[in-house]
Amino acid sequence: MYTIERNAERTSSAGRLLYDIFVNFPDQPVVWREISVITSALRNDSQDKQTQFLRGLFETLPGRIQCEMLLKATEQCFNTLERAEMLLLLLRRFPDSVVQHGVGLGESLLEAENIEDQESPVNCYRKLFVCDVLPLIVNNPDVRLPAALLYKYLNKAAEFYINYVTRSALVENQYQGAQDTPDLLSPSKRSSQKCVIEGLTEKSSQIMDPWEQVFKILSVVGVRCEWQMDMSRSFGDILLKMKDVSRYIGNYDNEAHTKYKTQVVYSTVLVFFKNAFQYVSSIQPSLFQGPNAANQTPLVLLEDVSSVYGDTDIDRSKHVHKKRKLAEGREKTMQSSDDEDPSGKGRNRHIAIPAAELPNSAEVLESFRLARESWELLHSLEPLDKEFTRICVSWKTDSWLWLRIFLTDMTLYQGQYKKAIASLHHLAALQGSHSPQQIPGQGPLENQRALIQLATCHFALGEYRFTCEKVLDLMCYMALPIQEGTKLQEEQPKLKSKFRKVSELKLWPCTSAAIMPYCLRLLLACFKLRAFTDHRDDIALGHAIVLLQHEWPRGESLFLKAINKICQQGNFQYENFFNYVTNIDMLEEFAYLRTQEGGKINLELLPNQGILIKTSSPPLGLLQQEFLPVLQPSVQTADRHHTVTRGITKGVKEDFRLAMERQVSRCRENLMTVLHRFCINEKVLLLQTLA
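Not measured: the values here are computed from a predicted model.

Reading the values: the criteria
- Residues numbered from 1 in each chain as written.
- Predicted model: local features only at pLDDT ≥ 70, side-chain atom pairs only at ≥ 80, totals over all residues.
- Heavy atoms only, no water.
- Helix = DSSP H or I, 4+ residues; strand = E, 2+ residues; numbered from the N terminus.
- Contact = heavy atoms within 4.5 Å.
- Areas by Shrake-Rupley, 256 points an atom, 1.4 Å probe, with all protein chains shown as cover.
- Buried < 20%, exposed > 50% of the residue type's maximum accessible area, 1.4 Å probe, protein only.
- Pairing = 2+ DSSP bridges.
- Salt bridge = Lys/Arg side-chain N within 4 Å of Asp/Glu carboxyl O.
- Disulfide = S-S within 2.5 Å.
- Axes fitted to C-alpha atoms, helices over the stretch in contact; angles between N-to-C directions.
- Core = buried A, V, L, I, M, F, W, Y, C linked by side-chain atoms within 4.5 Å.
- Parallel < 35°, antiparallel > 145°, perpendicular 65-115°, else oblique.
- Nonpolar A, V, L, I, M, F, W, Y, C, P; charged D, E, K, R; others polar.
- Polar contact = N/O pair within 3.5 Å; in protein donor to acceptor, adjacent residues only side chain to side chain.
- Phe/Tyr/Trp six-rings, centres within 6.5 Å; stacked < 30°, edge-to-face > 60°.

Here's the deal with the overall build of the protein chain
Reasoning step 1: Broken down by element type, the protein chain carries 28 helices and 5 strands.
Reasoning step 2: Long-range contacts, defined as pairs at least 24 residues apart, comprise 77% of the intrachain contacts of the protein chain with a sequence gap of at least 6.
Reasoning step 3: Accessible area for the protein chain stands at about 31,600 Å²; split by element, carbon and sulfur atoms hold 50% of it.

Let's talk about the pairing of strand β3 (residues 505-509)
Reasoning step 1: Among the 5 residues that make up β3, 5 are buried, leaving the element largely enclosed by the rest of the structure.
Reasoning step 2: Burial of β3 is two-sided: the residues Leu505, Leu507 and Pro509 facing one way and the residues Lys506 and Trp508 facing the other way are all buried.
Reasoning step 3: In this structure, strand β1 (residues 299-303) lies alongside β3, joined through 5 bridges in antiparallel fashion. Across the sheet, residue glutamate 303 finds its bridge partner in β3, namely leucine 505.
Reasoning step 4: With 2 bridges joining them, strand β2 (residues 351-352) and β3 adopt parallel strand pairing. Bridging across to β3, isoleucine 351 finds its partner in leucine 505.

Concerning the pattern of salt bridges
Reasoning step 1: Scanning the entire structure with this criterion turns up 22 salt bridges.
Reasoning step 2: For aspartate 398, the salt bridge is made with arginine 404, and the minimal N-O distance between the two is 3.4 Å.
Reasoning step 3: Among the ionic pairs, glutamate 469 bridges to arginine 465, the shortest N-O distance being 3.7 Å. One end of the pair, glutamate 469, and the other, arginine 465, are both in helix α20 (residues 464-475), 4 residues apart, so they sit about a helical turn from each other.
Reasoning step 4: Its relative accessible area of 23% is what places glutamate 469 among the partly exposed residues.

With respect to unusual backbone geometry
Reasoning step 1: The residue after tryptophan 552, namely proline 553, is reached through a cis peptide bond having omega 15°.
Reasoning step 2: Considering the arrangement of structural elements, one finds proline 553 in the loop between α22 (538-548) and α23 (556-569).
Reasoning step 3: Positive phi, normally seen in glycine, also occurs at aspartate 209, with a value near 50°.
Reasoning step 4: Summarising the element assignment, aspartate 209 is placed in the loop between α10 (202-205) and α11 (210-224).
Reasoning step 5: Residue classification places aspartate 209 among the partly exposed residues on the basis of a relative accessible area of 29%.
Reasoning step 6: Positive phi, normally seen in glycine, also occurs at glutamate 551, with a value near 60°.
Reasoning step 7: Considering the arrangement of structural elements, one finds glutamate 551 in the loop between α22 and α23.

Describing the state of the cysteines
Reasoning step 1: As enumerated under the stated definition, the model contains 0 disulfides in all.
Reasoning step 2: With no disulfide of its own, cysteine 679 has cysteine 468 as its nearest cysteine by sulfur position, at a separation of 7.9 Å.

Thoughts on the sheet that holds β2
Reasoning step 1: The mixed open sheet is built from 3 strands, whose spatial order is β1-β3-β2. Since the sheet does not close on itself, it has two edges, and those belong to β1 and β2, each with one partner.
Reasoning step 2: Its contacts with the sheet place helix α17 (residues 401-413) against β1, β2 and β3, and it is angled at close to 20° to β1.
Reasoning step 3: Running at roughly 140° to β3, helix α21 (residues 512-531) makes contact with β1 and β3 of the sheet.

So, the nonpolar core
Reasoning step 1: Grouped together as the largest cluster of nonpolar side chains are 115 residues, with contacts concentrated most on Phe272, Phe273, Tyr279, Trp402 and Phe406.
Reasoning step 2: For this core, the element with the highest residue contribution is helix α13 (residues 254-283), accounting for 15 residues.
Reasoning step 3: The residues touching phenylalanine 406, leaving out its near neighbours within four places in the chain, are Phe272, Ala276, Tyr279, Val280, Phe368, Ala371 and Arg372.
Reasoning step 4: Residues Trp508, Ile515, Phe578 and Val581 belong to the second largest nonpolar core, which totals 74 residues.

Details of the packing of helix α15 (residues 361-378) against helix α16 (residues 382-395)
Reasoning step 1: Remark: α15 packs on α16, axes separated minimally by 7 Å, with the N-to-C direction vectors making an angle of 110°. When the axes of α15 and α16 are compared, the pair comes out roughly perpendicular. Every residue of α16 that contacts α15 at Trp375, Leu377 and Leu378 is listed here: Leu384, Asp385 and Phe388.
Reasoning step 2: Per-class residue counts for the contact of α15 with α16 are 5 nonpolar, no polar and 1 charged.

Points about the environment of arginine 93
Reasoning step 1: With respect to the helices and strands, the residue arginine 93 is situated in helix α6 (residues 80-93).
Reasoning step 2: Under the relative-accessibility criterion, arginine 93 is labelled partly exposed at 29%.
Reasoning step 3: In the structure, arginine 93 is positioned 27 residues away from glutamine 66 in sequence and 9.1 Å away in space, judged by C-alpha atoms.

Details of the environment of proline 141
Reasoning step 1: Within the secondary structure, proline 141 sits in the loop between α8 (124-138) and α9 (147-166).
Reasoning step 2: Accessibility expressed as a relative area gives 63% for proline 141, which makes it exposed.
Reasoning step 3: On a C-alpha basis, the gap between proline 141 and valine 99 in space is 9.3 Å, while along the polypeptide they are 42 residues apart.

So, helix α25 (residues 584-593)
Reasoning step 1: Along α25, 7 of the 10 residues are buried, which leaves the element largely enclosed by surrounding structure.
Reasoning step 2: Buried residues of α25: Asp585, Met586, Leu587, Glu589, Phe590, Tyr592 and Leu593, and no others.
Reasoning step 3: The N-cap of α25, judged by a side-chain oxygen 2.9 Å from the amide nitrogen of aspartate 585 a few residues on, is asparagine 583.

A word on the packing of α15 against α17
Reasoning step 1: At a closest axis distance of 11 Å, the pairing of α15 and α17 adopts a crossing angle of 85°. Considering the angle they form, α15 stands roughly perpendicular to α17. Only Phe406, Leu407, Asp409, Met410 and Tyr413 of α17 make contact with α15, whose side of the interface consists of Phe368, Ala371, Arg372 and Trp375.
Reasoning step 2: Considered class by class, the residues forming the contact of α15 with α17 number 7 nonpolar, no polar and 2 charged.

Re the pairing of β1
Reasoning step 1: Among the 5 residues in β1, 5 count as buried, and that is most of the element.
Reasoning step 2: Residues Leu299, Leu301 and Glu303 point to one face of β1 and Val300 and Leu302 to the other, with burial holding for every one of them.

Some details on the packing of aromatic side chains
Reasoning step 1: As enumerated under the stated definition, the model contains 31 aromatic pairs in all.
Reasoning step 2: Ring geometry for phenylalanine 572 versus phenylalanine 590: centroids 6.1 Å apart, planes at 35°, classification tilted. Placement of the pair is phenylalanine 572 in strand β4 (residues 571-573) and phenylalanine 590 in helix α25, with a sequence separation of 18 residues. The pair formed by phenylalanine 572 and phenylalanine 590 is uniform in burial state, with each residue classed as buried.
Reasoning step 3: Plain terms: the ring middles of tyrosine 580 and phenylalanine 678 are 5.1 Å apart, the flat faces sit at 65° to each other, and that makes the pair edge-to-face. Taken together, the residues span a long stretch of sequence, with tyrosine 580 in helix α24 (residues 577-580) and phenylalanine 678 in helix α27 (residues 671-681) at a distance of 98 residues. Considered together, tyrosine 580 and phenylalanine 678 belong to a single accessibility category, that of buried residues.

This is the structure in structure tokens:
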């Protein structure tokens with residue numbers, strides 16, 4: 001009869017018959033086969049007609065029979081996961097059963113996780129415990145748990161949710177809907193992730209608002225443990241409250257000391273990881289979004305070197321060329337980096353961000369601040385430091401690539417450059433182990449953030465040779481051609497005042513078009529310090545002149561200082577001049593130096609091999625493109641003696657004139673390509689100059 005009614009999908013009559021069969025023949029195998037089919041439908045995500053009928057059939061049974069049927073069905077399960085899902089059906093339908101079965105189910109899941117030796121906390125056992133069982137336990141006032149067990153469960157929940165949210169997109173699937181809804185790309189807007197945890201269905205693997213869920217667990221545990229807290233407040237308010245509570249930790253007895261120490265540690269830990277994640281996901285979105293982040297520019301935190309072109313000690317009256325086309329009245333707004341103090345960094349350093357690159361820059365900087373202050377609080381007292389260290393070790397945070405990026409930026413912000421360098425070496429090792437795939441259009445440059453940050457740290461420490469070495473290594477990754485007209489909207493100082501401070505740090509786009517100009521500034525800053533000292537160093541001065549072509553005429557004042565220095569010396573030797581100097585204003589100045597009015601300065605600029613010398617003289621005036629010289633890497637070394645001229649002969653004068661005319665024809669060459677070739681071809685000489 002039951003089979004007839006069931007096949008006819010008559011829910012009520014089939015339910016009554018199923019009830020009679022279960023009560024009268026509870027141990028018959030055929031009965032349990034049918035119950036197994038029904039309970040499977042209850043756990044199934046499918047919405048097909050047969051599954052819906054079986055669910056409706058189960059609903060017709062009296063509550064007592066439903067409970068008994070689920071309990072007996074659980075006893076028939078030998079698979080931990082299947083048994084847990086069956087018990088969850090029971091606990092959700094019959095909250096009174098949570099007192100008897102809740103904690104036992106939770107402990108069995110944690111035990112199964114240990115037995116199975118799961119590599120990641122994001123696994124089926126932990127997910128069921130944290131997202132399904134734990135809320136039922138902690139929100140049931142009749143389930144009484146000791147504080148130590150609550151702290152253990154809070155730790156397990158925090159570890160799971162943080163790992164779930166921060167998993168690399170290269171390992172896991174993409175965020176749900178990220179390709180369709182731009183808002184979801186914001187860390188604050190993401191509510192769920194589309195991924196399947198092994199052992200679970202897609203629906204069971206979904207977690208809505210994971211950060212909100214973990215803070216709910218924190219709040220409930222806090223209420224149960226009688227913490228002093230109000231989780232409805234902002235992250236900033238929570239942090240202020242934890243700072244206040246931490247002041248009195250040492251005054252409490254053992255029990256109260258443990259209670260408030262745990263409150264401060266876990267509240268601050270969650271604020272720290274939440275805000276550190278938001279910061280990193282904003283500056284390097286590809287870590288978490290994969291191909292969906294292709295249109296989002298990664299950013300890298302660097303020391304600001306925009307003041308490299310500034311120099312206020314130049315006396316323009318010393319050398320004036322009547323034909324000079326440089327703007328004499330151009331306002332000089334940048335400070336000289338000669339006077340920068342790389343060690344005296346305060347707590348509140350300003351970070352500038354190009355507005356077009358990060359529209360929500362205020363939120364990102366606030367996340368960075370909250371994460372920094374949380375970190376400082378967690379290390380401010382020995383009990384907090386010890387507990388936080390224990391948590392980090394158990395969670396294996398040392399292997400979290402995204403966290404290492406934040407810690408590197410934090411130490412750089414704090415001016416702890418040696419620590420930052422050590423962190424960057426750790427970061428490079430982690431990047432190697434993760435073997436991240438390239439983002440279309442970005443090339444390998446995004447993976448070289450360690451190199452550019454190493455360069456900026458070495459520069460801040462005054463280690464200019466190491467700075468140059470890292471910059472030149474990075475040049476190999478530049479994607480050419482780069483248009484020299486490419487400019488970023490930088491924050492420019494508006495006041496001409498010696499008290500006006502330029503922004504100390506910048507979040508810089510990690511692309512070839514942005515990083516190469518920054519590298520050229522760093523190189524100029526290194527050679528500038530050597531070129532403009534009282535000690536004569538023509539090679540360093542020549543390198544500086546080559547680099548001053550970049551962003552011309554911003555380096556005009558510094559170039560004039562170089563010209564004055566050459567005038568004072570009476571001669572100048574730099575055999576790379578015609579290989580890399582193509583700026584028309586600079587060429588005009590050097591041509592003028594050879595004239596009677598310019599002081600008849602002895603310039604030795606021709607390569608020793610005579611590459612630029614031709615046997616036949618071309619017509620006077622500017623030369624055509626077909627006469628462009630074939631440029632070779634220089635073989636000049638730092639200890640070369642003057643070999644080109646010993647007194648200016650008529651032949652050398654003619655060679656200089658011809659070389660200058662040919663050089664004028666190169667003025668339309670892509671300057672970034674010329675400077676890139678300079679960095680690649682002259683790497684040995686550049687490093688030797690700074691030795």
